Every structure is written in C-alpha cells, then in structure tokens.
Amino acid sequence: MDTYQHILTSVDYSPHGRRVVEKARQLARIHQAQLSLLHVLDNIPMPQMPYGTVIPLDQPTDNVLLAAEKTQLIKLGKEGEIDHDHCWLVWGAPKNDITLFADNNGVDLIVVGSHGRHGIASLLGSTANAVLHHAHCDVLAVRLKD
Ligand code: AMP
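Residues numbered from 1 in each chain as written. Predicted model: local features only at pLDDT ≥ 70, side-chain atom pairs only at ≥ 80, totals over all residues. Heavy atoms only, no water.

A. How the structure looks around the environment of Ala102. Among the secondary structure elements, Ala102 is positioned in helix α3 (residues 94–104). For the pair Ala102 and His134, spaced 32 residues apart in sequence, the C-alpha separation works out to 11 Å. (Helix = DSSP H or I, 4+ residues; strand = E, 2+ residues; numbered from the N terminus.)

Below, the structure is given as structure tokens:
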C-alpha cells in the first residue's frame, strides 16, 4: 500500500469541522504523514491582497473579524494536535485555493467534509465538489450527517 506523506485537512468552521480534522488526524497517524490544517478566508474583504496570500497567525490585527478567524483556526489546530507551524490561513476562494495550496505544498491527500457552512443542500457540497474535480492528488470527503 502506498503511504501518504502530507495530508491536508481543510475546514470552514462548520459545527462538524472537528470530525473532519479527527479523521485526517487518524489517517496521518496511520501513515505517519505530515498533517496540515487550512482555512481559506473568503468572508472578510481584503482589499489589495492577492488571492493565495498567507495571513500570519501570530501577528496582531485591529480587525476584530480577522482576529476571530485566527482564534478559531488556532483552537481547531490545538484540538487536532496540529503543530502551529502547520496551521494555515489563506486569503482566497476556497474552490481554487484549497487545491492550489495542495499543489504548492506537496500534499498527497486532501480531507474535506461532504458539506459545510451552507448545509447539506446537495449530497456533496460545492466546495467539496470543486476540490474533487480540481485536485491533482487523492481527496477524501468525510460524510457529515446533519
Ligand atoms: P461546502 O462544499 O462549502 O459545503 O464545504 C464542504 C467542505 O469543504 C467543508 O466541510 C470543508 O472541509 C471544506 N471547505 C469549505 N469552505 C472552506 C473554506 N473556506 N476553507 C477551507 N475549507 C473549506
């Protein structure tokens, strides 16, 4: 069996997000793989900032919304026992920037939830669908039931 070297878990802070991280963590343990955590920030205007820009987690910010996003990611990372250096906040469009991040960082498995913040309107959410179609590596969609 091929083993994974670098697993990326991608979260949108929906209530089921922890299950996605937990599944990725189990897989990382089995494969003894590097585990990274990614959130693509798409809901706060970031004028002048090109898509794909990494937002440092440990720099203070006056933006209350951005501070809250950072806090959530750090908390999820801690709960998932993911090293701070491997938690990433990236400004962009989730449908493109999850797979772009994976391409640029040698990721060989992306773990997403089957749906996210927007609920279970379709069986496979639109972000999950886009990741599945654009990824150059394996993708695992963790079935989330409401
Ligand atoms: P959706 O297709 O939007 O319902 O979301 C499905 C899954 O895609 C979520 O459970 C997350 O794993 C991932 N996802 C959605 N939005 C984002 C985001 N902004 N950043 C990172 N991952 C996301």
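Moving on, there is more to tell.
B. Looking closely at the pairing of strand β3 (residues 87–91). The buried count for β3 comes to four of five residues, which makes it a mostly enclosed element. Tracing the backbone out of strand β2 (residues 34–41), into helix α2 (residues 64–79) and back to the parallel element β3 gives a crossover that is right-handed. (Buried < 20%, exposed > 50% of the residue type's maximum accessible area, 1.4 Å probe, protein only. Right-handed = clockwise from strand over helix to strand, strands pointing away.)

C. Focus on helix α4 (residues 126–134). Taken together, the buried positions of α4 are Ala128, Ala130 and Val131. The buried side chains of α4 occupy one side of the element, clustering within an arc of 160 degrees when seen end-on. Packed against the buried residues of α4 are α3, β4 (109–113) and β5 (138–142). (Arc of directions from axis to C-beta. Contact = heavy atoms within 4.5 Å.)

D. Layout of the environment of Leu66. Within the fold, Leu66 resides in helix α2. Setting aside chain neighbours within four positions, we find Leu66 in contact with Leu41, Ile44, Met46, Ile55, Thr61 and Leu89.

E. How the structure looks around the sheet that holds β2. Strand order in the open sheet formed by five strands is β3-β2-β1-β4-β5, with parallel pairing between adjacent strands. Only two strands of the sheet have a single neighbouring strand rather than two, namely β3 and β5. With strand direction ignored, the average angle separating the axes of adjacent strands in the sheet is 25 degrees. As defined by bridge partners, strand β1 (residues 6–10) adjoins β2 across five bridges and the pair is classed as parallel. Opposite Leu8, over in β2, you have Ser36 as the bridge partner. On the sheet, α2 packs against β2 and β3 and is oriented at approximately 160 degrees with respect to β2. Against the sheet, α4 makes contact with β4 and β5, and its axis sits at roughly 160 degrees relative to β4, the strand it touches most. (Pairing = 2+ DSSP bridges. Axes fitted to C-alpha atoms, helices over the stretch in contact; angles between N-to-C directions.)

F. Local environment of the pairing of β1. Counting buried residues along β1, five of its five residues qualify, which places the element largely inside the surrounding structure. Because side chains alternate across β1, one face comprises the buried residues His6, Leu8 and Ser10, and the other comprises Ile7 and Thr9, equally buried. What joins β1 to β2 is helix α1 (residues 17–31), and the crossover it makes is right-handed. Of the pairings in the sheet, the one linking β1 to β4 comprises three bridges and is parallel in character. Paired with Thr9 across the bridge in β4 is Val111.

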